[in-house]
Amino acid sequence: MAARGGADARMGSELNARDLASGEPLDLAIIGGGINGAAIARAAAASGLRAALFEASDYGFGTTWRSTKLIHGGLRYLEHGDVGLVFESLRERAWLLQTRPYLVRPQRFLLPLLPWTRRPGWQLRIGLATYDLLALYRAVPPHRPLSRERLRELAPYLPDETRGGFSFFDARVIAPERLTWELVREARQLGAATLNHTPVVAINAPGGTVETVVVDAGGEHVTIPARAVVNAAGPWVDAVNRLGDLPPPELLGVTRGSHIVVELDGPPGHDAVFSTAKSDGRVFFAVPQDDLLLIGTTDERYDGDPSAVRPTPEDIDYLLTEGQTLLPGLDIRRERIRYAYAGLRPLQKVAGGPEAAITRRHAVIDHGKLGGAKGMYSVVGGKLSTFRPLAGDVIEAVTGRKPQRWLAAPPAGWRERLLGLDLHHPARRHLRRYGGDAAAVIELGREVLCPHAPGFEGEVRFAARNEQARTVGDVLLRRTGIGWARCRGLCCHERVAAILAEELGWSAVERDRAAAAYAAEVAYHLPVEGTA
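Residues numbered from 1 in each chain as written. Predicted model: local features only at pLDDT ≥ 70, side-chain atom pairs only at ≥ 80, totals over all residues. Heavy atoms only, no water.

## A look at the overall build of the chain
Test applied: Put simply, DSSP H or I for four residues or longer makes a helix, DSSP E for two residues or longer makes a strand, and each gets a number counted from the N terminus. Note that the radius of gyration is over C-alpha atoms, with the globule rule given as 2.2 Å times the number of residues to the power 0.38. When a residue's accessible area, from a 1.4 Å probe over protein chains only, is under 20% of the maximum for its type it is buried; when over 50% it is exposed; and in between it is partly exposed. Whether two residues are in contact is decided by their heavy atoms, any of which lying within 4.5 Å being enough.
Regarding its fold elements, the chain presents 16 helices and 21 strands. Taking 2.2 N^0.38 as the reference for a compact globule, 532 residues should give roughly 24 Å; the C-alpha atoms of the chain span a radius of gyration of 23 Å, in line with that estimate. When the backbone C-alpha atoms are referred to their principal axes, the chain occupies close to 70 × 55 × 45 Å. Out of the 532 residues in the chain, the part that is buried amounts to 60%. Look at the contacts in the chain between residues 6 or more apart in sequence, and 72% of them connect residues 24 or more apart.

## Re the packing of helix α3 (residues 83-99) against helix α9 (residues 387-399)
Using the following cut-off: Structural elements are reduced to axes, namely lines fitted to C-alpha atoms, with helices fitted over the stretch in contact, and the angle between N-to-C directions of any two is expressed from 0 to 180 degrees. Oblique is the label for every angle not falling under 35 degrees (roughly parallel), over 145 degrees (roughly antiparallel), or within 65 to 115 degrees (roughly perpendicular). Gly is placed with the polar residues, together with every amino acid not listed as nonpolar (Ala, Val, Leu, Ile, Met, Phe, Trp, Tyr, Cys and Pro) or charged (Asp, Glu, Lys and Arg).
Relative to each other, α3 and α9 sit at 110°, their axes nearing to 9 Å. Considering the angle they form, α3 stands roughly perpendicular to α9. Contacts between α3 and α9 involve Glu88, Arg91, Glu92, Trp95 and Leu96 from the first element and Phe387, Arg388 and Pro389 from the second. Tallied by class, residues from the contact of α3 with α9 come to 4 nonpolar, no polar and 4 charged.

## A closer look at the packing of aromatic side chains
Basically, it comes down to this: Pairing of aromatic side chains here covers Phe, Tyr and the six-membered ring of Trp, requires ring centres within 6.5 Å, and sorts the geometry by plane angle: under 30 degrees stacked, over 60 edge-to-face, intermediate tilted. Each ring is checked for a lysine NZ or an arginine CZ that lies within 6 Å of its centre and within 35 degrees of its normal; such an atom marks a charge sitting over the ring.
The final tally for this structure, using the stated rule, is 15 aromatic pairs. When the centroid spacing of 5.8 Å and the interplanar angle of 15° are considered together, the rings of Phe61 and Trp65 count as stacked. Both residues of the pair, Phe61 and Trp65, count as buried. It is Arg282 that lies over the ring of Tyr318; its NZ or CZ is 5.2 Å from the centre.

Next up, the structure:
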């Protein structure tokens, strides 16, 4: 692979598809702008490769955007004996807590002992002690046993049958889609080209070696030379591989994970609950999401179109029933469900066995070694917190070299700049997701967009000018997080469309079409109860 030299100084954020088509061949074309694709683009650029990232929709749109938003070490993976994955995940959790404290925060979990808890207390105690040991006691406090009385004090909403339990810490990411954007931004700063809303429509490998990719750039098909391609399209990996000249292997065993988000009588507090479902023993979470409570998740095999995934009525019934069973004191009712959502786990294809037992480890597939196109690679598996080692494995597979080291500190002074803003606490809490950019964001407009998030007009302008946002959904769902509030952004989506029209030069017709498209997007992907 050729390193990027001085003649490639223009390589980076200002290049579009036509520029790439007329330039030197890419060392690496990355397909898929989720957390893994963004990390690969960043690692490639840091390693001196001429790289470009192509995303069919928006960064973080697929699995990343619709996760449980946890940066966890994988306590349940210990049950399957995958100590290596747990250690790797815990190491990455500590790194994220250190380097992205404005996005990733420690999260205390309560683990109650109930008559239907899958493991006895002594086994859980050993498992939690092992978890602490593998974490090397970094970044978060160790687990603690809790008496029945103490647990009732902390969580009076748990069932009367609760026999005590434990507390332990993991971590939660405020907005995985913003974590994805940060990786995209770093890739751009290091020289990579990143293009969202630019699907790859063909991968050409005449003679059995990758030579070009073809992208749809605003309705025009543009052919871009590339020496290697990495397919990091998540649930779309198999579909993208079918765009190539040679018959691809079937790599994926996809499962669907659904969630419901409910509004309670008051704030849900700070503690999350980790338990097992009474009906089937699955791992079950209830996690505070600002003023709402996120309940999940399911784990069902899925064979449909990844673009069509959404929670089923059966998913919602299951989550509601199990939520009521685990948290009877919170008065969770069907009419309190503000929305539901579903995402897909792009896991490695296996035959039979329970869905929960399918490994979350990632694998980098070299198609050339399987009789396919040389220079073609696919990524399967992985989890939200392990994007960094995954990206490193890709770079090593493609180049034969170890990747460059990642940064080890957050932006200097981000906390002081945030605290220095003349805003009330909820507003500062919301703007925390921008880290060191919070002041620049609010300078573009302090007018309140949404009372539920809260959100500000400056966020829309910042997203349009600096973060490649091109649709209302890009802004509300994957830049600002306003769409995750109980209103789903529908109290301000028309105003957002109007601001984007000013920033992007839309006509009145385009503005109204953009607002209507957002309403349709949330109706499908974040349905209210009864419409799934």
